[in-house]
Amino acid sequence: MPTTTISGRTLEVNEEGFLVHPDDWTEDLGVELARLIGIEMTEAHWVPIRFLRTDHAAMGETPTLRRVSTQTGIDVKTLFGLFPKKPAKKMAYVAGLPKPKGCV
Amino acid sequence: MTTTPPRLLVLGGGTAGTMVANKVHKVLPDWDVTLVDRDDVHDYQPGYLFMPFGMNTPEQVRRSKRRFIDPATRIVTGEVDRVDADGRRVVLEDGTVLDYDHLVIASGTTPRPDQTPGMLGEGWHKSVNEFYTFEGSLALRDNLAAFEGGRLVVHITELPFKCPVAPLEFTFLADDWLRQHGLRERTELVFVTPLDGAFTKPVASRELGHALEERHVTVETDFMVESVDQEAKVLRSYDEREVPYDLLVTVPLNMGADFVERSGLGDELNYVTVDKHTMQYLPQGDRPAHPEIFALGDAANLPTSKAGSVAHFSVEVFIDNLVQLAHGRPMTHSFDGHANCFVESGHGKALLLDFNYETEPLTGTFPVPGVGPLRLLKESRFNHLSKLAFRHIYWNALLPGRPLGLKPQMSMAGKHPEGPPAAMSASMREE
């Protein structure tokens, strides 16, 4: 597994740069991960990211875009505005989680 | 002393529900089995892909449900209103109450064009088509026959949906059909997907991506549709891209039955949440446990393809476990997510994919290692003939519950793994 250094911490990541260990994540790290993909975190960004973290902890997998939208009440269009082009993938990246599976 | 036989209630008489009813009678002959369905129509759904191209006739695809269900099964016709899990009973819309000891939910998945703004409209089943219903597939046959060239767009709304390779197959078959009818040069064939490639699994995505390239199919990836504008004849995405069409063939959003949601047993798409190895109901959040409830086939939220092969293999595992439960023993059989899909590629050829939860589709031979005769992830005429022949196997062996000689567990024998060593872990666990 490749590693990367963010804010002075050495972290294990996969080929696409997603954290391998969700437990490595902190909110400070989330800010840095977001910055790496050109996103400045605001409170509006944190709402779905915090949901991703709690939902992953409860369900054992990364929620799909639809699940994020239905569970948080944030419509999909808004999520596209917050995390442009690939919201499902980008939210998972910032939250330090694997890409949502929903894709089979 | 008399004892009442255990009551098994099956909701849905499609592939999974029919197999369950028939197999239970073989292994637990004293059980009392009731099956509920809304109608008596059983379609061989892979035939929907072939009907638009005249490769299957409507008559070959449609049968009576009852004909395939063991006559020892009590069949109730009706719409399920809800499952009262705490009361161990199912209430139908007409007020009928059915009590059970064990419940199998096999109510499948349904295309829901109503969930995408603009998809249902005047152009529905005219310029906006689908091939996931009998009516839609027939309409598409006629609309294709009237097509004179232009932009033919094949589109996937969202995952998961039934038979994830079907839109690719449709694209390959359409390419072939257009050539045969002298229309290919007048047609731009476009494949629009919410995924970042042709398919979900890396090796298959690469192979199938090449197949699209070879056929000069334009691929639009990462496209999350927001609406269909039937007036302007365009698909619009959330990130404000537009894909114009003359003839649209879409795969609408798929959802499980509404009664699953009303019963509090489903996820956000109304799929029953289950343990992926036993198909036993797995409550989400603080919902109560109900170990007597199972979901099989497309109705379950298993993280693998919604496909007949998954229904088939998982039913076999379920039946083995049910016999153990019937004898008061713990369940020891585990479903590995095994799926086995033929992919029609046009020109009388097909590919074969074989995969499970852990291992993506690989190249190689099947089912006999090194021999085949089927070739994995490579086009061959024999694969195509096997896919066509499977319709007979489905009606005559699979539904009645006769053994097909295929093990439910996936095998790594005869396959050629590639990629990072992580992909090898599954082969280490082979029994």
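Residues numbered from 1 in each chain as written. Chains lettered and ligands numbered in written order. Predicted model: local features only at pLDDT ≥ 70, side-chain atom pairs only at ≥ 80, totals over all residues. Heavy atoms only, no water.

### Concerning the side chain of His25(B)
Residue and element names in this part refer to chain B.
Alright, step 1. Mapped onto the elements, histidine 25 comes out in helix α1 (residues 15–27).
Alright, step 2. On the accessibility criterion, histidine 25 (11% relative accessible area) is buried.
Alright, step 3. Excluding residues that lie within four positions of it along the chain, histidine 25 makes contacts with Val33, Asp70, Ala72 and Thr73. (Helix = DSSP H or I, 4+ residues; strand = E, 2+ residues; numbered from the N terminus. Buried < 20%, exposed > 50% of the residue type's maximum accessible area, 1.4 Å probe, protein only. Contact = heavy atoms within 4.5 Å.)

### Describing unusual backbone geometry
All names here are of chain B.
Alright, step 1. Cis geometry marks the peptide bond from leucine 159 to proline 160; its omega dihedral reads 0°.
Alright, step 2. In this fold, proline 160 is placed in the loop between β12 (150–156) and α5 (166–180).
Alright, step 3. Of note in the backbone geometry, lysine 233 takes a positive phi value of approximately 55° without being a glycine.
Alright, step 4. When you line up the elements, lysine 233 lands in the loop between β15 (225–229) and β16 (234–237).
Alright, step 5. Here the phi dihedral of histidine 347 falls at roughly 55°; this positive angle occurs in a residue that is not glycine.
Alright, step 6. Within the secondary structure, histidine 347 is located in the loop between β21 (339–346) and β22 (349–355).
Alright, step 7. Look at histidine 347 and you get partly exposed, because its relative accessible area is 45%.

### Describing the pattern of salt bridges
Residue and element names in this part refer to chain B.
Alright, step 1. All told, the structure shown has 40 salt bridges over all chains when counted by the stated rule.
Alright, step 2. Residue aspartate 258 pairs with arginine 112 through a salt bridge whose shortest N-O separation is 3.2 Å. With a gap of 146 residues between them, aspartate 258 in helix α7 (residues 258–262) and arginine 112 in the loop between β10 (109–111) and β11 (128–129) connect regions that are remote in the sequence. (Salt bridge = Lys/Arg side-chain N within 4 Å of Asp/Glu carboxyl O.)

### Some remarks on the sheet that holds β11(B)
All names here are of chain B.
Alright, step 1. Spatially, five strands are ordered β11-β18-β12-β13-β14 in an open sheet, and the strand pairing comes out parallel. Of all strands in the sheet, those bounded by a partner on one side alone are β11 and β14 (218–220).
Alright, step 2. Here β11 runs beside strand β18 (residues 247–251); their pairing, made up of two bridges, is parallel. Considered in β18, the bridge of valine 128 is made with leucine 248. (Pairing = 2+ DSSP bridges.)

### Some thoughts on the sheet that holds β16(B)
All names here are of chain B.
Alright, step 1. The sheet built from three strands is open, its strands ordered β15-β16-β17 with antiparallel pairing. Edge positions in the open sheet fall to β15 and β17 (242–244), since each of these has one partner strand only. Across the sheet, the mean angle separating the axes of adjacent strands is 20° when strand polarity is ignored.
Alright, step 2. In terms of strand pairing, β16 meets β17 through three bridges, oriented antiparallel. Counted as the bridge partner of valine 234 is proline 244 from β17. (Axes fitted to C-alpha atoms, helices over the stretch in contact; angles between N-to-C directions.)

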